[in-house]
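Listed below, chain by chain, are the residues.
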Amino acid sequence: MQRDITVSFLVEQDENGDWSAQAALDPNSFANGQGATREAAIEDLKKAIALLAETVGVPEQLVVTVDTGR
């Protein structure tokens, strides 16, 4: 069975120009991705999240609509 999940993530570029991306499925389960470009780091992170979800399971999700004032 497939299921789409939404995962917040952080992407940063280091002083050497390399990109890294991090995300957490739950407070104790983290995934990381790296790449030469922002897009490559995010793609690597997606693979890491998929592997992590197989190991720890898919977390429950809550969707909340907020007004961002924009």
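Residues numbered from 1 in each chain as written. Predicted model: local features only at pLDDT ≥ 70, side-chain atom pairs only at ≥ 80, totals over all residues. Heavy atoms only, no water.

(A) Region of interest: the pairing of strand E2 (residues 19-26). In the sheet, strand E1 (residues 9-13) pairs with E2 via five bridges, with the strands oriented antiparallel. Bridging from a neighbouring strand, Leu10 pairs with Gln22 of E2. Counting the residues in the hairpin turn of E1 and E2 gives five residues, including Gly17, whose phi is positive at 95 degrees. As judged from the seven bridges shared by E2 and strand E3 (residues 29-35), these two strands associate in the antiparallel manner. Looking across to E3, one finds that Ala23 is bridged to Ala31. Counted between consecutive antiparallel strands, the loop separating E2 from E3 contains two residues. (Pairing = 2+ DSSP bridges. Helix = DSSP H or I, 4+ residues; strand = E, 2+ residues; numbered from the N terminus.)

(B) Representation of a nonpolar patch on the surface. On the surface, Leu62, Val64 and Val66 cluster together into a nonpolar patch covering about 360 Å² of accessible area. As for its placement among the helices and strands, Val64 is situated in the segment after helix H1 (38-56). Judged by its relative accessible area of 57%, Val64 is exposed. (Patch = residues over 30% accessible without salt bridge, like charges linked within 9 Å, V, L, I, M, F, W, Y side chains within 5 Å. Areas by Shrake-Rupley, 256 points an atom, 1.4 Å probe, with all protein chains shown as cover. Salt bridge = Lys/Arg side-chain N within 4 Å of Asp/Glu carboxyl O. Buried < 20%, exposed > 50% of the residue type's maximum accessible area, 1.4 Å probe, protein only.)

(C) The arrangement of the nonpolar core in detail. Within the largest apolar cluster, twelve residues are counted, these being Val11, Ala21, Ala23, Leu25, Ala31, Ala41, Ile42, Leu45, Ala48, Ile49, Leu52 and Ala53. Residue assignment for this core shows that the elements contributing at least two residues are E2 and H1. Here the element with the most residues in this core is H1; it accounts for seven residues. When neighbours within four sequence positions are excluded, Ile42 is seen to be in contact with Phe9, Val11 and Ala21. (Core = buried A, V, L, I, M, F, W, Y, C linked by side-chain atoms within 4.5 Å. Contact = heavy atoms within 4.5 Å.)

Any functional reading would require information that these geometric values do not contain.
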